[in-house]
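# Examination of the molecular architecture
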Amino acid sequence: MSESDLKTTPLYALHQELGAKLVPFAGYAMPVNYPDGILAEHLHTRAKAGLFDVSHMGQVRVDGADAAPLLEELVPGDIQGLAPNAIRYTLFTNDHGGIRDDLMATRTADGVFLVVNAACKDADLAHLEAHLGARARIAMLADRALIALQGPGAAAALGRLEPALAKLPFMTAGAFTIAGIACQVSRSGYTGEDGFEISVRDRDADALARTLLRDPEIMPIGLGARDSLRLEAGLCLYGHDIDTTTTPIEAGLAWTIGKRRREQGGFPGAAVVLDQLKRGPARRRVGLKPDGRAPAREGTVIVDAAERPLGTVTSGGYGPTVAAPVAMGYVAAAGAAPGTEVGLMVRGKRLAAHVVKLPFVPHRYAK
Amino acid sequence: MSERRYSKEHEWIRVEGDTGTVGITDYAQGQLGDVVYVELPDPGKKVARGAQAAVVESVKAASEVYSPVGGEVTAVNADLAGNPALVNESAEDRGWFFKLTIADRADLAALMDEPAYKKFVAELG
């Protein structure tokens, strides 16, 4: 794809003005980092607050009286059990129990509001229309941007503009006016920190972002730090840590399947998923901490003491807060216990590493 | 007297007699971003011109570093183990990677001098 075929978000001009390094991501020109760099952006987000443009993600409305039970035909999460304005992390599964995408679902007055991955959004929309289109109104909100504000200073910063936002409970959403701009705000995120995701009309996005960035606590953060932050938080990246070949149970996402759904099934691949839940999966996603300083990247083969393959690294790099390399990957269930010593084959050499409990950095969500 | 030469892969070599000191250029460190790990060759290793001799890891990715000339590695920069950010702070001085004895000085002729390298980088945009 040539540069000129890339789509842009409503914050494109702002990114250029801020000196962002723009890279192609899921068909969009997106900032990978700003002049201060990934390391500084990562540490700033953990210390204060970072602003992320995530407008490339898909925002989808599924409206209708039966939207919640209908959506449950496609996801294993308990959507009917969501109180109004409550949010839940869930998954689109396929008939083999694999994961088509991961998403956030919010119960609204009219149905359910979804935020899905950029690279999957067209396929997700087609999937929703094919299965639910005759029974619910499904619409991609193509004229809305999404801005995430993440970090321990996020609530205070937003509270300075709209005091009610500082009190929004974690994993709930609502309509708010920020600096005169109508916004749909969720208290959620993808960094392991407290934070918000703000859905705003395209034409208001630039003004909102500039208003937020006037706060000295808030710094713009690119996709590079977004990736290192979520990796330290042990959160899955779709297409890497989870995909159509991994099940929710293998991925350690059994917690997303509510009690009623475990009893009743009724989602794609339920037979496979519920069987794995009962008997345990053959492999599991684990945290991996190299003993040394060399990072192990995605695709690195994980081996046992005899250099027999145990699995593969699905995300790996340097964790700026941990101040050491960190990784996640899948290993045979027998080798998945924290403390297990494994090897990581980096450039032909076996680097010693240990299986560790996730996350690498404790979550600090609002109580 | 020392002279400095540059490769199209953004390595520099400072030549003093038969000894060359190799690192990556300031332009290269800027492109890579924060360096978090450098894998250096073992002293005694023989490297061919243009062969991979080191690896530099930024937060985002691993990049190979090629030896701009052939020769035998005699020393590595031990400071990079504890402080890989030296590559960002001082790419063309304190952030050097390794020293080697230059096997064939003719290898140097294929490299750029400073004005030529500056022009090369400017044309990359």
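This structure is a prediction, so every number in the text was calculated from the model and none was measured. (Residues numbered from 1 in each chain as written. Chains lettered and ligands numbered in written order. Predicted model: local features only at pLDDT ≥ 70, side-chain atom pairs only at ≥ 80, totals over all residues.)

When you go through chain B residue by residue, the secondary structure sums to four helices and nine strands. In terms of C-alpha radius of gyration, chain B reaches 13 Å, essentially the compact-globule figure of 14 Å for 125 residues. Reported as C-alpha extents along the three principal axes, the dimensions of chain B are approximately 35 × 35 × 25 Å. At a minimum sequence separation of 6, the contacts of chain B that also span at least 24 residues come to 62%. (Helix = DSSP H or I, 4+ residues; strand = E, 2+ residues; numbered from the N terminus. Rg over C-alpha atoms; globule rule 2.2 N^0.38 Å. Contact = placed C-beta atoms within 7 Å.)

Quick look at the overall build of chain A now. What chain A contains, in helices and strands, is nine helices and 19 strands. Relative to the compact-globule value of 21 Å for 367 residues, chain A shows a C-alpha radius of gyration of 20 Å, a close match. Considering only C-alpha atoms, chain A reaches an extent of 65 × 50 × 45 Å along its principal axes. Counting the 367 residues in chain A, one finds 50% classified as buried. The contacts in chain A between residues at least 6 apart in sequence include a share of 66% that link residues at least 24 apart. (Buried ≥ 20, exposed ≤ 12 C-beta atoms within 10 Å, placed from the backbone.)

All names here are of chain B. For strand β6 (residues 52–58), the tally of buried residues reaches five of seven residues, placing the bulk of the element in the interior. Examined bridge by bridge, strand β4 (residues 35–39) and β6 share four bridges and lie antiparallel to one another. Bridge pairing links V38 to V56 in β6. The hairpin formed by β6 and strand β7 (residues 62–66) contains three residues between the paired strands. (Pairing = 2+ DSSP bridges.)

Here we come to the sheet that holds strand β18 (residues 341–346) of chain A. Residue and element names in this part refer to chain A. Strand order in the closed barrel formed by six strands is β14-β17-β16-β15-β18-β19, with antiparallel pairing between adjacent strands. The average angle at which neighbouring strand axes cross in this sheet is 40 degrees, direction not considered. Here strand β15 (residues 301–303) runs beside β18; their pairing, made up of three bridges, is antiparallel. Considered in β18, the bridge of V303 is made with G343. (Axes fitted to C-alpha atoms, helices over the stretch in contact; angles between N-to-C directions.)

Contact with chain A, which involves 14 residues of that partner, is made by ten residues of chain B. Going through the elements one at a time, α2 (38–47), α7 (223–232) and β16 (309–319) of chain A are the ones with two or more residues in the side of chain A that touches chain B.

In this section: helix α5 (residues 154–161) of chain A. Looking only at α5(A), the buried set comprises A:A154, A:A155, A:A157 and A:L158. All buried residues of α5(A) project into a common sector of 165 degrees when viewed along the axis, lining one side. (Arc of directions from axis to C-beta.)

We now examine the domain arrangement of chain A. Residues and elements named next belong to chain A. Domain boundaries assigned for chain A yield domain 1 (3–56 + 143–232) and domain 2 (282–367). The centre of domain 1, based on its C-alpha atoms, is set 29 Å off from the matching centre of domain 2. With 14 residues of domain 1 at the interface, the matching set in domain 2 holds 16 residues. Secondary-structure elements contributing two or more residues to the side of domain 1 that touches domain 2 are α2 and α7. Element by element, the count of residues in the side of domain 1 that touches domain 2 is highest for α2, at four residues. (Domains from an automatic or database assignment.)

Residue and element names in this part refer to chain A. Look at α2 against α7: their axes get within 8 Å of each other, and the N-to-C directions meet at 55 degrees. When the axes of α2 and α7 are compared, the pair comes out oblique. Viewed along their axes, α2 and α7 form a crossing whose handedness is right-handed. Here I38, E41, H42 and T45 of α2 come into contact with α7, specifically with G224, A225, S228 and L229. Among the residues forming the contact of α2 with α7, the class breakdown is three nonpolar, four polar and one charged. (Parallel < 35°, antiparallel > 145°, perpendicular 65-115°, else oblique. Left-handed = near helix turned anticlockwise from the far one by under 90°. Nonpolar A, V, L, I, M, F, W, Y, C, P; charged D, E, K, R; others polar.)

Residues and elements named next belong to chain A. Positionally, V32 belongs in strand β2 (residues 28–33). C-alpha separation for the pair V32 and A225, spaced 193 residues apart in sequence, amounts to 7.9 Å. Ignoring sequence-local partners within four residues, the contact set of V32 consists of K21, V23, G222, L223 and G224.

Attention shifts here to the environment of A:A145. Residues and elements named next belong to chain A. Turning to its location among the elements, A145 is positioned in strand β9 (residues 144–150). As a C-alpha pair, A145 and R203 span 58 residues in sequence and 8.7 Å in three-dimensional space. Look past the residues within four positions of A145 in its chain and what remains in contact with it is T9, P10, L11, S55, V200, D202 and A205.

Backbone hydrogen bonds are what pair the strands of a sheet, in a parallel or an antiparallel way. One open sheet holds the six strands; their spatial order is β1-β2-β3-β9-β8-β5 (chain B), and the pairing between them is antiparallel. Looking along the sheet, the strands with just one partner apiece sit at the ends: β1 (3–6) and β5 (46–47) of chain B.

For helix α4 (residues 121–132) of chain A, with twelve residues, the first-to-last C-alpha span of 16 Å sits near the 16 Å given by 1.5 Å per residue. Lining the buried residues of α4(A) we find β4 (58–63), β5 (87–93), β6 (99–107), β7 (111–116) and β8 (137–140) of chain A. (Expected span 1.5 Å × (residues − 1).)

A few words on unusual backbone geometry. All names here are of chain A. Note that the residue after L358, namely P359, is joined by a cis bond; omega there is -5 degrees. Examined against the element boundaries, P359 turns out to sit in the segment after β19 (349–356). Positive phi, close to 50 degrees, is recorded for A179, a residue that is not glycine. Along the polypeptide, A179 turns up in the loop between β10 (173–178) and β11 (181–186). Phi is positive for A323, which is not a glycine, with a value near 60 degrees. Checked against the element boundaries, A323 lands in the loop between β16 and β17 (324–332).

Right, let's get into the confidence of the model for chain B. Confidence in the prediction for chain B averages 96 pLDDT; 99% of positions are at 70 or higher. Confidence estimates for the predicted assembly give a pTM of 0.96 and an ipTM of 0.90. (pLDDT = per-residue confidence, 0-100.)

So, about the nonpolar core. Residues A:L71, A:L114, A:I147 and A:L149 are the most contacted members of the largest nonpolar core, which totals 127 residues. The contacts of A:I147, once residues within four sequence positions are left out, are A:L51, A:D53, A:I198, A:V200, A:A205, A:L208 and A:A209. (Core = buried A, V, L, I, M, F, W, Y, C linked by C-beta atoms within 7 Å.)

Here we take up the pairing of β1(B). Two strands pair when backbone bridges link them, and β1(B) and strand β2 (residues 11–16) of chain B are joined in this way by four bridges, in the antiparallel orientation. Opposite B:R4, over in β2(B), you have B:R14 as the bridge partner.

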